[in-house]
Amino acid sequence: MAIPVDDIEAAREFYGTLLGFPRGRSAERWTDWNVAGHQVVTHQVGEPSDTPRAGVAGTNPVDGHDVPVPHFGLVLSVPEFRALAERLTAAGTQFVIEPYVRFEGEPGEQWTMFFLDPAGNALEFKAFADPEQLFAV
């Protein structure tokens, strides 16, 4: 997946330092990230600005929250999810949807949280106490 950013250095700090993704190949205006074995590439389009571009086209109501669309994310273990949520909170991250348990007591019960990267791209991270529930209906 390739995602646009307006400041490659801010993206490198966010994805590499804050989220902790290992950095792969890079050049002046792009960086490859190892996201749980998948390649995600941040490409600088345009020039750095003080105003992040709006990477959210709209929202969709899910479990009483307005989920930003488009978004992408990663399924973590519950301990990894909690550690990331604590790290993001300590860093002062402004959540679109604060970490919480969605679909509690139903098929697909999961921890979830949404936030934006410095360029305004929406990210979701989630965790299942029972990974077999990932695609439960």
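Heads up: the structure comes first, above all this text.
The sections below set out a description of the structure shown in this document. The shown structure was predicted, so the numbers you read here are calculated from the model rather than taken from an experiment. Numbers given for residues are sequential positions, taken from 1 along each chain in its written order. Owing to the predicted nature of the model, reporting of local features is limited to residues with pLDDT of at least 70; listing and counting of side-chain atom pairs is limited to 80 or more, with chain, interface and lining totals taken over all residues. Side-chain numbers here rest on the full set of heavy atoms in the structure, without hydrogens or water.

1. Describing a negative patch on the surface
Consideration 1: Distance thresholds for patches are 9 Å for like charges and 5 Å for nonpolar side chains (Val, Leu, Ile, Met, Phe, Trp, Tyr), applied to residues having over 30% relative accessible area and no salt bridge. Note on areas: Shrake-Rupley, 1.4 Å probe, and residue coverage restricted to the protein chains presented here. In what follows, salt bridge is the name for a side-chain nitrogen of Lys or Arg lying within 4 Å of a carboxyl oxygen of Asp or Glu. Neither His nor the chain ends contribute to the count of charged residues, in which Lys and Arg are positive and Asp and Glu negative. Each charge is placed at NZ for Lys, CZ for Arg, CG for Asp and CD for Glu. Side chains of Asp-63, Glu-104, Glu-106 and Glu-109 sit close together on the surface and give a patch of like negative charge.
Consideration 2: On the basis of relative accessibility, which here comes to 61%, the residue Glu-104 falls in the exposed class. For each residue, the accessible area found with a 1.4 Å probe, counting protein chains only, is set against the maximum for its type, and the residue is called buried under 20%, exposed over 50%, and partly exposed in between.

2. Concerning the nonpolar core
Consideration 1: Judged by nonpolar contacts, the single largest core of 27 residues is most densely connected at Tyr-15, Leu-19, Met-113, Phe-115 and Phe-125.
Consideration 2: Each helix is a run of DSSP H or I of at least 4 residues and each strand a run of E of at least 2, with the numbering of both proceeding from the N terminus. Of all the elements in the fold, those that place two or more residues in this core are β1 (2–5), α1 (8–18), β3 (30–35), β7 (71–76), α2 (78–90), β9 (110–116) and β10 (122–127).
Consideration 3: Excluding its chain neighbours within four sequence positions, the residues that come into contact with Phe-125 are Leu-19, Phe-21, Leu-74, Leu-76, Phe-81, Leu-84, Trp-111, Thr-112, Met-113 and Phe-115. Nine residue types can take part in a nonpolar core, namely buried Ala, Val, Leu, Ile, Met, Phe, Trp, Tyr and Cys, and a core is a set of them joined through side-chain atoms within 4.5 Å. Residues count as neighbours in contact if any of their non-hydrogen atoms are within 4.5 Å of one another.

3. Some remarks on the environment of Asp-6
Consideration 1: Along the chain, Asp-6 falls in the loop between β1 and α1.
Consideration 2: Given the relative accessible area of 9%, Asp-6 is considered buried.
Consideration 3: Considering only alpha carbons, one finds Asp-6 and Gly-120, 114 residues apart in sequence, at a separation of 9.3 Å.

4. Considerations on the pattern of salt bridges
Two side chains bearing opposite charge may form a pair once their charged atoms approach each other closely.
Consideration 1: Going through the model one piece at a time under the given rule, you end up with four salt bridges.
Consideration 2: Among the salt bridges present, the one from Glu-9 reaches Arg-12, with a minimum N-O distance of 2.6 Å. One end of the pair is Glu-9 and the other is Arg-12, both in helix α1 and three residues apart, which spans about a single turn.
Consideration 3: Take Arg-12: its relative accessible area is 10%, and that puts it in the buried class.
Consideration 4: Two residues, Asp-32 and Arg-25, come together in a salt bridge whose shortest N-O distance is 3.0 Å.
Consideration 5: We classify Asp-32 as buried; its relative accessible area is 6%.
Consideration 6: Residue Arg-25 is classed as exposed on the basis of its relative accessible area of 57%.
Consideration 7: One salt-bridge network, in which partners are shared between bridges, spans Arg-102, Glu-124 and Lys-126.

5. Focus on the sheet that holds β3
Consideration 1: Strand pairing follows a simple DSSP-based rule, namely that at least 2 bridges must link the two strands. If you walk across this open sheet you meet the four strands as β1-β4-β3-β2, and the pairing is mixed. Pairing within the sheet leaves two strands with one partner each, and these edge strands are β1 and β2 (23–27). Within this sheet the neighbouring strands show an average axis-to-axis angle of 20°, counted without direction.
Consideration 2: Pairing of β2 with β3, which is carried by three bridges, proceeds in the antiparallel orientation. Among the inter-strand pairings, Arg-23 is bridged to a residue of β3, identified as Trp-33.
Consideration 3: The angle between two axes is taken between their N-to-C directions and runs from 0 to 180 degrees, where each axis is a line fitted to C-alpha atoms and a helix contributes only its stretch in contact. Running at roughly 10° to β3, α1 makes contact with β1, β2, β3 and β4 (38–44) of the sheet.

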